Amino acid sequence: MGTYRMCGCFTRKFKIIEAAPPPDVIAAFEKYAEGGPQMTAELLHRFLVDVQGQGGAKVSDAEEILLQVLQKRHHMAKFRKHALTLDDFHHYLFSSDLNPPIDNKVHHDMTAPLSHYFIYTGHNSYLTGNQLSSDCSDVPIIKALKRGVRVVELDLWPNSTKDDVDVLHGRTLTAPVELIKCLKSIKEHAFSASEYPVVITLEDHLTPKLQAKVAQMVTQTFGKMLFRPESECLKEFPAPEDLKYRILISTKPPKEYLEAQTKKDKEKEKDSDDDVWGKEPTELTAEQEDEKTDSDASDNNQDDEDSDAFEPEIDSSRAPGYKSLIAIPGGKITGRLKEALKVEPDKVRRISLSEQALEKATVSYGTVLVRFTQKNFLRIYPKGTRFNSSNYKPQIGWMHGAQMIAFNMQGYGRSLWLMQGIFRANGGCGYVKKPDFLMNVGANGERAKLPVKKRLRVKVYMGDGWHLDFKHTHFDTYSPPDFYTKVGIAGVPDDEIMKKTKIKEDNWTPIWDEEFTFPLTVPELALLRVEVHEYDMSEKDDFAGQTCLPVSELKQGIRAVPLFDRKGEKLNSTRLLMRFDFV
């Protein structure tokens, strides 16, 4: 019962009642229970095969579902006859644990080279907030790894006494955290959500002496977990399956210089780093970005030397060379972008582009980008003016095969919801196999008009759980909420659309029972976007939950769809009952 105050002295009471099953659920029960009052495991099995599209389901699977529902609803483990009533059947369908919209198992081929996968990638993974003044910590790194992020970025700088290594966003007011603390936390939490490899991208601003110290730290911290390439240049990246529980280092190899320069002079030379902090990105023209963009680090690697030239106090037998640790070498774009994107037959590498540089590159070099990413890594990072740690639309990167679309994981918003959505695919392991059309030799990255491949039909039946997850006055002080649902597609431009249901007034368990159809030209890259809002006549509508689901993973039939908060944390009870069919 919810009590709401009206006009200061009057109150209105609204009883929260359990909503009845929608007509489609009643019809399905009547059909598959064959007109009887109960549905046996054999009859439930028929429903699973016919309606839910679970052709591989066995009667024993239906029996297990039936047992779990009866135990949960009636708190009894033994029944003379195992069967579901209509309410039991509705409960099963509306359970996001028993009847989720996508599977939670790794099912993609994991034996292809790493470059054949989209990889869950973080940007400035150590920041707790904004890019200018927030604290640096291992806490956001741990949080990201627990969510399945597989690429962690660390910016390495000398500490104040120049004898150790800190992690911080250089030339800002961010408070540093010690590198060793980050490395130990990565080791402890790297595989808490996924057994597949973690890549650490290093943005290096260190002297050779400190690079040697980093090599020692990395080697001693990770030990046998560390993947060390057998040769300096890999012809092809290994497969995720072969790299389970391994850590890979990605950074630019140290440079070798033929003539000496003083360290002081060299440390003064700056180039544009990932976020162009030395020079505001707005001062760079698009042409300069094309020709001059330095992939991930400032050109402060001019102190770098070969491992044999490391300073003598580091025991080289215990601190293998920094260069030899690099599994995925980063490359600097020194000339025209088209030249940098040439595929080399005997070497694989990684280059990085800002979000603006990528957008510009796709206009002229769409096909070239796709071909490059079939073998090599392309990393996209946020533009430098995103001081508040916001993110950009990831679709343009996915459309061109970019494996590492680096996101600020603390930058909540719709873009991050899309990123969280695509990596719910493949059991949430952080690696999603790229669509076949991006791996074909003649792949075309241009924006051509494509035919509709399939249509997704979505029915939004009802929602429930808000009264358990929110205070009864959270949405409206004077009455129960007025919910509506927005549902649509994020993907290639031709597929993007949003629609919405009618508003259901004064109801904690709204029933919409509305259907929408979405034509898809590239279903492989499509995400189903779902948002629930509470209508407010006088102010901005209140947010009431969201999710993004990869269309390629959707299970057909009537499904319970859990909702998440703004940060991507799963709400305990709030969910929608929906139906998915491909027509």
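A short tour of the structure in this document, coming up. In this text the structure is predicted, and so the values were computed from the model without any measurement. (Residues numbered from 1 in each chain as written. Predicted model: local features only at pLDDT ≥ 70, side-chain atom pairs only at ≥ 80, totals over all residues. Heavy atoms only, no water.)

## Examining the overall build of the protein chain
Right, so step 1: Of regular secondary structure, the protein chain possesses 15 helices and 23 strands.
Right, so step 2: Taken over 583 residues, the protein chain has a buried fraction of 56%.
Right, so step 3: With the model as given, the accessible surface of the protein chain reaches about 25700 Å², and the carbon-plus-sulfur share is 49%. (Helix = DSSP H or I, 4+ residues; strand = E, 2+ residues; numbered from the N terminus. Buried < 20%, exposed > 50% of the residue type's maximum accessible area, 1.4 Å probe, protein only. Areas by Shrake-Rupley, 256 points an atom, 1.4 Å probe, with all protein chains shown as cover.)

## Re the sheet that holds strand β10 (residues 247–251)
Right, so step 1: With mixed pairing, the six strands of this open sheet are ordered in space as β8-β7-β6-β9-β10-β11. A strand with exactly one partner marks an edge of an open sheet, and here the two such strands are β8 (177–178) and β11 (326–329).
Right, so step 2: Relative to β11, β10 runs parallel, the two being bridged by three bridges. Along β11, the bridge assignment pairs Thr251 with Pro329. (Pairing = 2+ DSSP bridges.)

## Section: helix α3 (residues 59–74)
Right, so step 1: Between its terminal C-alpha atoms α3 stretches 22 Å, which fits the 22 Å expected from 16 residues at 1.5 Å a residue.
Right, so step 2: Here α3 has its buried residues at Ala62, Ile65, Leu66, Val69 and Leu70. Projected down its long axis, α3 carries its buried residues within an arc of 130°, all on one side.
Right, so step 3: Buried residues along α3 sit against β3 (39–40), α2 (41–50), β4 (83–84) and α4 (86–93).
Right, so step 4: His75 sits one or two positions beyond α3 and adopts a positive phi of about 55°. (Expected span 1.5 Å × (residues − 1). Arc of directions from axis to C-beta. Contact = heavy atoms within 4.5 Å.)

## Things to note about the side chain of Asp88
Right, so step 1: For Asp88, the position within the fold is in helix α4.
Right, so step 2: Every residue in contact with Asp88, bar those within four places of it in the chain, is listed here: Val69, Leu70, Arg73, His74 and Ala83.

## Observations concerning the environment of Val583
Right, so step 1: Its location among the elements puts Val583 in the segment after β23 (570–582).
Right, so step 2: Separated by 129 residues in the primary sequence, Val583 and Lys454 have C-alpha atoms spaced 6.6 Å apart.

## Description of helix α11 (residues 355–373)
Right, so step 1: Helix length check: α11 (19 residues) gives 16 Å between terminal C-alpha atoms against 27 Å at 1.5 Å per residue, more than 12% under.
Right, so step 2: Roughly 105° is the biggest bend found in α11, and it falls at Tyr365.
Right, so step 3: For α11, every residue scored as buried is listed here: Glu355, Ala357, Leu358, Ala361, Thr362, Tyr365, Gly366, Thr367, Leu369, Val370, Phe372 and Thr373. (Bend = angle between axes of the 7 residues up to and from the residue.)

## With respect to the layout of surface pockets
Over the atoms a probe the size of a water molecule is rolled, and this reveals where empty space is left.
Right, so step 1: Of the voids in this model, the largest pocket is the one considered here, and its volume is about 670 Å³.
Right, so step 2: Elements that contribute at least two residues to the lining of the largest pocket include exactly β21 (542–550) and β22 (557–564).
Right, so step 3: Class assignment for the residues of the lining of the largest pocket results in nine nonpolar, nine polar and seven charged.
Right, so step 4: The residues that make up the lining of the largest pocket include at least three from each of domain 2 (114–255 + 321–438) and domain 3 (450–582). (1 Å grid on protein atoms, 1.4 Å probe; cavity = no way out; pocket = protein on both sides within 12 Å on 5 of 7 lines; lining within 4 Å. Points joined across faces, edges and corners; volume = space filled by probe spheres on them. Nonpolar A, V, L, I, M, F, W, Y, C, P; charged D, E, K, R; others polar. Domains from an automatic or database assignment.)

## Observations regarding the pairing of strand β20 (residues 527–534)
Right, so step 1: In terms of burial, β20 is a largely internal element, eight of the eight residues being buried.
Right, so step 2: Neither face of β20 is exposed, since Leu527, Arg529, Glu531 and His533 on one face and Leu528, Val530, Val532 and Glu534 on the opposite face are all buried.
Right, so step 3: In this sheet, β20 lies alongside strand β17 (residues 483–490) in antiparallel orientation, the contact comprising eight bridges. Looking at the pairing, Ile489 lines up with Leu528 of β20.
Right, so step 4: Bridge analysis of β20 against β21 gives seven bridges, and the strand direction is antiparallel. Among the inter-strand pairings, Leu528 is bridged to a residue of β21, identified as Leu549.

## Details of the pattern of salt bridges
Right, so step 1: Applying the stated criterion to the full structure yields 20 salt bridges.
Right, so step 2: In this structure, Asp103 and Lys555 form a salt bridge, with 3.1 Å as the shortest nitrogen-oxygen distance. With Asp103 in the loop between α4 and β5 (117–119) and Lys555 in the loop between β21 and β22, this residue pair connects regions lying 452 residues apart in the sequence.
Right, so step 3: The exposure class of Lys555 is buried, given its relative accessible area of 18%.
Right, so step 4: Between Glu496 and Lys393 there is a salt bridge, and its shortest N-O distance comes to 3.6 Å. Taken together, the residues span a long stretch of sequence, with Glu496 in the loop between β17 and β18 (497–500) and Lys393 in the loop between β13 (377–381) and α12 (395–399) at a distance of 103 residues. (Salt bridge = Lys/Arg side-chain N within 4 Å of Asp/Glu carboxyl O.)

## A closer look at the packing of helix α1 (residues 23–32) against α4
Any two packed helices are characterised by how steeply their axes cross, that is the angle between the axes, and by the distance between the axes.
Right, so step 1: Where α1 meets α4, the axes come as close as 10 Å, and the angle between the chain directions of the two elements is 120°. Compared by their axis directions, α1 and α4 come out oblique. Classified by chirality, the crossing of α4 by α1 is right-handed. Only Leu86, Phe89, His90 and Leu93 of α4 make contact with α1, whose side of the interface consists of Val25, Ile26, Ala28 and Phe29. (Axes fitted to C-alpha atoms, helices over the stretch in contact; angles between N-to-C directions. Parallel < 35°, antiparallel > 145°, perpendicular 65-115°, else oblique. Left-handed = near helix turned anticlockwise from the far one by under 90°.)

## Remarks on the nonpolar core
Right, so step 1: Within the largest apolar cluster, 43 residues are counted, with the highest numbers of intra-cluster contacts made by Phe118, Leu353, Leu378, Trp398 and Met419.
Right, so step 2: Mapped onto this core, the elements with two or more residues apiece are α10 (337–340), β12 (350–354), α11, β13, α12, α13 (414–422) and β21.
Right, so step 3: With seven residues, the single largest contributor to this core is α11.
Right, so step 4: Not counting residues within four places of it along the chain, the set of residues in contact with Met419 comprises Tyr120, Pro394, Trp398, Ile405 and Phe407.
Right, so step 5: Core analysis: the next-biggest nonpolar cluster, separate from the first, contains 35 residues, Leu145, Val165, Ile200 and Ile249 among them. (Core = buried A, V, L, I, M, F, W, Y, C linked by side-chain atoms within 4.5 Å.)

## Looking at the packing of aromatic side chains
Describing an aromatic ring pair means giving the distance of the ring centres and the angle of the ring planes.
Right, so step 1: Evaluated as defined, the whole model comprises 16 aromatic pairs.
Right, so step 2: Look at Phe118 and Trp398: their rings are 6.4 Å apart centre to centre, the planes differ by 50°, and that puts the pair in the tilted class. One end of the pair, Phe118, is in strand β5; the other, Trp398, is in helix α12, with 280 residues separating them in the sequence.
Right, so step 3: Assessed through its relative accessible area of 2%, Phe118 is described here as buried.
Right, so step 4: For the pair Phe470 and Phe475, a centre-to-centre distance of 5.0 Å together with 50° between the ring planes defines the contact as tilted. (Phe/Tyr/Trp six-rings, centres within 6.5 Å; stacked < 30°, edge-to-face > 60°.)

## Focus on unusual backbone geometry
In terms of backbone geometry, most residues other than glycine have negative phi values and most peptide bonds are trans.
Right, so step 1: Phi at Glu34 takes a positive value of approximately 55°, unusual for a residue other than glycine.
Right, so step 2: The topology assignment puts Glu34 in the loop between α1 and β3.
Right, so step 3: Residues other than glycine seldom take positive phi values, yet Asp513 does so here, at roughly 55°.
Right, so step 4: Here Asp513 lies in strand β19 (residues 511–520).
Right, so step 5: We classify Asp513 as partly exposed; its relative accessible area is 30%.

## Some thoughts on the pairing of strand β9 (residues 198–204)
Right, so step 1: Among the seven residues in β9, seven count as buried, and that is most of the element.
Right, so step 2: Across the two faces of β9 the burial is the same, with Val198, Ile200, Leu202 and Asp204 and Val199, Thr201 and Glu203 all buried.
Right, so step 3: In this sheet, β9 lies alongside strand β6 (residues 151–158) in parallel orientation, the contact comprising six bridges. Note on β9: the bridge partner recorded for Asp155 is Glu203.
Right, so step 4: Looking at chain direction, β9 and β10 are connected through four bridges and run parallel.

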